[in-house]
Amino acid sequence: MIAPVEQTVAAFSRWAEQRGGEADSGTALIALSMLGFEDADDLKPGDLAEFLLDAYPEAMAAFGQAPDEIMVDTLRDLLAFFGDNGRLPAERMSRLLGELDEVEPEFLDLVETFDIPMPDLASALGSPDRLPPIRLPSLDVLAADARRAPLIADARALALWVGEGRRTTPDSELTEADAEQAERSVGITAAERAQLWEVADALGFLDFTEDDVIVSSSADARAWPDVDDETALAQWGRALTHVLMHSVAIDAFTYHSKHFTMEGIGIPLLSVLFLRQGHGMPTGGVSEAIRIAVDIELEHLAPKAADRLWREWVAEHGDPGQALLDRLTRLGAVRIDDDVVTLTPVARHAARSQLVDGGVDIPLLPPSAEMTAQQLIDAAPGFSEAELAAEVRAWITSRDTAARELFGLAARGDGGERKWAMDVAKHLGAAADDQWQAALDVPPLCAYAKSTLDKPLDDTDRAWLLIDTVTSLNGIPEPIAAAVAEVVPPGREEAVFEAAWRLPHPQAGQALTDVGEAHPDKKIAKAARKAAFKAASRR
């Protein structure tokens, strides 16, 4: 059975279409849901003022968004709809409209000055309140990357084409004739122009008159990219926020979606990719995340109906996840290699700034010569193989005690630290020969020493390596199957798991649990879960 809110929104949309307009069904759904709507008779004087000035802004802030000024117009349209259908007495309708007129200026002031409170991102993302240190290029290098972003260059080109002044439509858009001319002059499609127009507006590249009738290119558009480093990074950050929050929603609006808005669904991607540095995220994972967000918008529908709407959208307009990745690539925010997405340095800088503002401590690495072994190991998971090799070369040239520091840290550290310390130690060459020999007599290091010195490994050795390797993944599921395959010969999984739960390794139970939850082979996963249960029982 369809709930009263959904029934009303559907009827509201049909009413608007019959009058040649288009209802903002998403905003209407938010309004009626938050007003506790069951019937129009539920709307009483005072409800709209409380909703606009308190409940609605507070709810939007919880999602990291500002309230939208379009809410007032949507409420007026809803009242007109109720009036036309005789669902509101004329006297109360007049009082509610008067209440809207009275509260609108205060609401619009609130929207204009709204300061979204920074959430506790560590709690929201389920991450620690302190993350490993990272290395970033200098600000001048990051700013140079920001200035080279093709997406911003295209938005600027469109803004400069506008010139000294052009008349706009009531929606602050180019007229149809100007839009077609702009597309030819700048060399873009209509869909690209819709996106670039909004980017240009978000970056202040467009100046509108107070009545929004005339638009001109701004001084900021003319100044870009010859701005100072701080301004370049700030502008680039605004473009990144806009693309993540609004670009897919602009597609939904451009193609007249009646079922979902896709507003804000890219925002979590930045923090998620930052937390997965060193591993990245499959491109399909981005699409799946957006699909999940759309499913939430469509949760009032039956699953089959929601799935049909999604498939129809993708067939007609393409995968929204891929569209978002294309724009992020043109912004210079992500790289895609072998269908794995990672953040560029300038995007990592923006993500770190956001997380630090949200209460997460993320130190920056000092120069290589000043790093401790602990700092190097803590940061190692975030480096590519080439970056790690370069870091190690720079680090070991500054100290004579590199091998002793690394092996000491590996012997007393947890499984993840030990795995990375031993990976780094392999870059030391002959300088570590004595330490490798001594490690044969240190139980936590013995398996690594045997592997490096080409000595045969038994199941207990492989169990140490497996637990450490899985622990180093920090619960990220995708690489776990590869980790098992790398350490354990085919067919020996159950024997290695059996050896693992018996080891005096504090991370054994959790590592086996992670394998049991993430491994795609059901037989291997079951064996890991069984061993994890034994490890828990033993403790």
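Use the structure listed above.
How should the overall build of the protein chain be read in this particular structure?
Scanning the protein chain from terminus to terminus reveals 28 helices and six strands. Along the first, second and third principal axes, the C-alpha set of the protein chain runs to 90 × 55 × 40 Å. Considering the protein chain as a whole, with its 539 residues, one finds that 46% of them fall into the buried category. Carbon and sulfur atoms make up 51% of the accessible area of the protein chain, which amounts to about 26700 Å² in all.

Teacher, can you tell me more about the sheet that holds strand 3 (residues 214–217) here?
Hydrogen bonds between backbone atoms are what pair the strands of a sheet, whose relative direction is either parallel or antiparallel. Reading across the sheet, the three strands line up as 1-3-2 and stay open at both edges, with antiparallel pairing between neighbours. Where the open sheet ends on each side, the last strands, each with one partner, are strand 1 (166–167) and strand 2 (206–208). Here strand 2 pairs with strand 3 via three bridges, running antiparallel. Following the sheet pairing, Leu206 is matched in strand 3 by Ser217. Sitting on the sheet, helix 8 (residues 150–162) is in contact with strand 1, strand 2 and strand 3, with an inclination near 120 degrees to strand 3.

Just to check I follow, could you spell out the packing of helix 26 (residues 493–502) against helix 28 (residues 522–538) for this structure?
Angle between the axes and distance between the axes: these two values describe a pair of packed helices. Packing of helix 26 against helix 28 brings their axes to within 9 Å, and their N-to-C directions diverge by 15 degrees. The pairing of helix 26 with helix 28 is recorded here as roughly parallel in orientation. For the crossing formed where helix 26 meets helix 28, the hand is right-handed. Contacts between helix 26 and helix 28 involve Glu493, Glu494, Phe497, Glu498, Trp501 and Arg502 from the former and Ile524, Ala527, Ala528, Ala531, Lys534, Ala535 and Arg538 from the latter. Looking at the contact of helix 26 with helix 28, its residues break down into seven nonpolar, no polar and six charged.

It is not clear to me how the sheet that holds strand 4 (residues 281–282) should be interpreted in this structure. Could you clarify?
Ordered by their spatial adjacency, three strands build an open sheet running 4-6-5, and the pairing between neighbours is antiparallel. The open sheet has two edge strands, strand 4 and strand 5 (334–337), and neither has a second partner. The pairing of strand 5 with strand 6 (residues 340–343) spans four bridges and is antiparallel. From the neighbouring strand, Arg335 faces strand 6, where its bridge partner is Thr342.

Would you mind going over a negative patch on the surface with me for this structure?
Taken together, the side chains of Asp68, Glu69, Glu106, Asp109, Glu112 and Glu263 present a region of like negative charge at the surface. Of note, Asp109 is situated in helix 5 (residues 90–113).

Would you explain the nonpolar core in this entry?
In globular proteins that are soluble, nonpolar side chains generally tend to be buried together. Core analysis: the biggest nonpolar cluster contains 70 residues, and Ile152, Trp236, Leu240, Met262, Leu328 and Leu331 have the highest contact counts within it. Excluding its chain neighbours within four sequence positions, the residues that come into contact with Ile152 are Ala146, Leu203, Phe205, Trp224, Trp236, Ala239 and Leu331. Met371, Ala402, Trp420 and Leu466 belong to the second-largest nonpolar core, a separate cluster that totals 58 residues.

Explain the packing of helix 7 (residues 139–147) against helix 17 (residues 345–357) here, please?
The geometry of helix 7 relative to helix 17 is characterised by a closest axis approach of 9 Å and an angle of 110 degrees between their N-to-C directions. Viewed along their axes, helix 7 and helix 17 adopt a mutual orientation that is roughly perpendicular. As for the relative orientation of helix 7 and helix 17, their crossing is left-handed in sense. Residues Leu139, Leu142, Asp145 and Ala146 of helix 7 pack against Pro345, Val346 and His349 of helix 17. A per-class count over the contact of helix 7 with helix 17 returns five nonpolar, one polar and one charged.

Which parts of the structure should I look at to understand helix 24 (residues 459–472)?
One turn of the α-helix equals 3.6 residues, which is why residues spaced by three or four share an orientation. Look at helix 24: 20 Å from first C-alpha to last across 14 residues, which is about the 20 Å you get at 1.5 Å a residue. With 13 of 14 residues buried, helix 24 is to be regarded as a mostly interior element. You can read the cap of helix 24 off the contacts: a side-chain oxygen lies 3.1 Å from the backbone nitrogen of Thr460, and it is on Asp458. Asn474 sits one or two residues past helix 24 and shows a positive phi near 55 degrees.

What exactly am I supposed to notice about unusual backbone geometry here?
Leave glycine aside and you will find that most residues have negative phi; peptide bonds, for their part, are mostly trans. In this model, Trp224 is joined to Pro225 through a cis peptide bond whose omega is 5 degrees. Positive phi is not limited to glycine here, since Asp454 has a value of about 60 degrees. Looking at the element boundaries, Asp454 is found in the loop between helix 23 (443–452) and helix 24.

When you look at the environment of Ala61 in this model, what are you seeing that I'm missing?
Relative to the helices and strands, Ala61 resides in helix 3 (residues 47–62). Considered as a pair, Ala61 and Ala386 are 325 residues apart in the sequence and their alpha carbons are 41 Å apart.

Would you take a moment to explain the pairing of strand 3 for this structure?
Across a regular strand the side chains alternate sides, sitting on one face of the sheet and then on the other. With two bridges connecting them, strand 1 and strand 3 associate as antiparallel partners. Within strand 3, the residue paired with Arg167 across the bridge is Ile214. Between strand 2 and strand 3, which pair antiparallel one after the other, the connecting turn spans five residues, and Asp212 there sits at a positive phi close to 60 degrees.

Looking at this structure, I do not really get the pattern of salt bridges. What am I missing?
Between side chains of opposite charge, a pair can form when the charged atoms approach closely. Within the structure shown, the criterion is met by 22 salt bridges. When the shortest N-O distance is used, the salt bridge between Asp251 and Arg327 registers 2.9 Å. A residue pair is termed long-range when its members are at least 10 positions apart, and Asp251 in helix 12 (residues 229–254) and Arg327 in helix 16 (residues 320–331) qualify at 76 residues. Side by side, Asp251 and Arg327 carry an identical accessibility label, which is buried. Between Arg418 and Asp468 there is a salt bridge, with the nearest N and O atoms lying 2.8 Å from each other. Within this pair, whereas Arg418 is found in helix 21 (residues 415–425), its partner Asp468 is found in helix 24, the two being separated by 50 residues in sequence.

I'm lost on empty space enclosed by the protein in this one. Help?
Gaps left between atoms show up when a probe the size of a water molecule is rolled over them. In the structure shown here, the tally under the stated rule is three cavities of 30 Å³ or more. Roughly 40 Å³ of internal volume is contained in the largest cavity. Lining the largest cavity, in full, are Leu32, Leu35, Leu43, Leu48, Leu75, Leu78, Leu79 and Phe82. Considering every element that reaches the lining of the largest cavity, the biggest residue donor is helix 4 (residues 70–84), with four residues.

Just to check I follow, could you spell out helix 4 for this structure?
With 15 residues, helix 4 extends 21 Å from end C-alpha to end C-alpha; this agrees with the ideal 21 Å at 1.5 Å per step. Restricting attention to buried positions, one finds in helix 4 the residues Met71, Val72, Thr74, Leu75, Leu78, Leu79, Phe81 and Phe82. Positive phi appears at Gly86, one or two residues downstream of helix 4, with a value of about 65 degrees.

What exactly am I supposed to notice about the environment of Asp201 here?
Examined against the element boundaries, Asp201 turns out to sit in helix 10 (residues 190–202). The class of Asp201 is partly exposed, set by a relative accessible area of 35%. Contacts of Asp201, omitting those with residues within four sequence positions, involve Leu206 and Phe208.

What counts, and at which threshold
- As a convention, each chain's residues are numbered from 1 in the sequence order in which they are written.
- It should be noted that, the model being predicted, local features are given only for residues of pLDDT at least 70 and side-chain atom pairs only at 80 or more, the latter also being counted only at that level, while totals for whole chains, interfaces and linings use all residues.
- No hydrogens and no water enter the side-chain calculation; it runs on all heavy atoms of the structure.
- The way it works is that DSSP assigns letters per residue, a run of H or I at least four long becomes a helix, a run of E at least two long becomes a strand, and they are numbered from the N terminus.
- Only protein chains enter the accessibility calculation, which uses a 1.4 Å probe; a residue whose area is less than 20% of its type maximum is buried, one above 50% is exposed, and one in between is partly exposed.
- Surface accessibility follows the Shrake-Rupley procedure with a 1.4 Å probe radius. Residue values consider only the protein chains on display as shielding.
- When DSSP locates at least two bridges between a pair of strands, those strands are taken to pair.
- It only takes one pair of heavy atoms within 4.5 Å for two residues to be counted as in contact.
- Every axis in this analysis is a line fitted to C-alpha atoms, fitted for helices over the stretch in contact. Angles between the N-to-C directions lie between 0 and 180 degrees.
- Convention used here: angles under 35 degrees read as roughly parallel, angles over 145 as roughly antiparallel, angles from 65 to 115 as roughly perpendicular, and any remaining angle as oblique.
- Handedness of a crossing is defined here by the sense of rotation of the near helix relative to the far one, left-handed for an anticlockwise turn of less than a right angle and right-handed for a clockwise turn.
- Under this grouping Gly is polar, as are all residues other than the nonpolar Ala, Val, Leu, Ile, Met, Phe, Trp, Tyr, Cys and Pro and the charged Asp, Glu, Lys and Arg.
- Within the patch definition used here, like charges are joined within 9 Å and nonpolar side chains (Val, Leu, Ile, Met, Phe, Trp, Tyr) within 5 Å, considering only residues with over 30% relative accessible area and no salt bridge.
- Whenever a carboxyl oxygen of Asp or Glu lies within 4 Å of a side-chain nitrogen of Lys or Arg, that contact is scored as a salt bridge.
- Neither His nor the chain termini are counted; the positive set is Lys and Arg, and the negative set is Asp and Glu.
- Working definition for charges: the position is that of NZ of Lys, CZ of Arg, CG of Asp or CD of Glu.
- Nonpolar core, defined: a set of buried Ala, Val, Leu, Ile, Met, Phe, Trp, Tyr and Cys residues in which side-chain atoms within 4.5 Å join the residues together.
- To estimate how far a helix should reach, multiply one less than its number of residues by 1.5 Å.
- Polar contact is defined as a pair of N or O atoms within 3.5 Å, subject to the rule that within protein one atom must be able to donate a hydrogen and the other to accept it, and that residues adjacent in sequence are counted only when both atoms are side-chain atoms.
- A cavity here means a set of points on a 1 Å grid, drawn over the protein atoms and nothing else, where a 1.4 Å probe fits but cannot get out; a pocket is an open set with protein on both sides within 12 Å along at least five of seven lines, and a residue lines either one if it has an atom within 4 Å of a point.
- Grid points are joined across faces, edges and corners, and a volume is the space filled by probe spheres set on the points.

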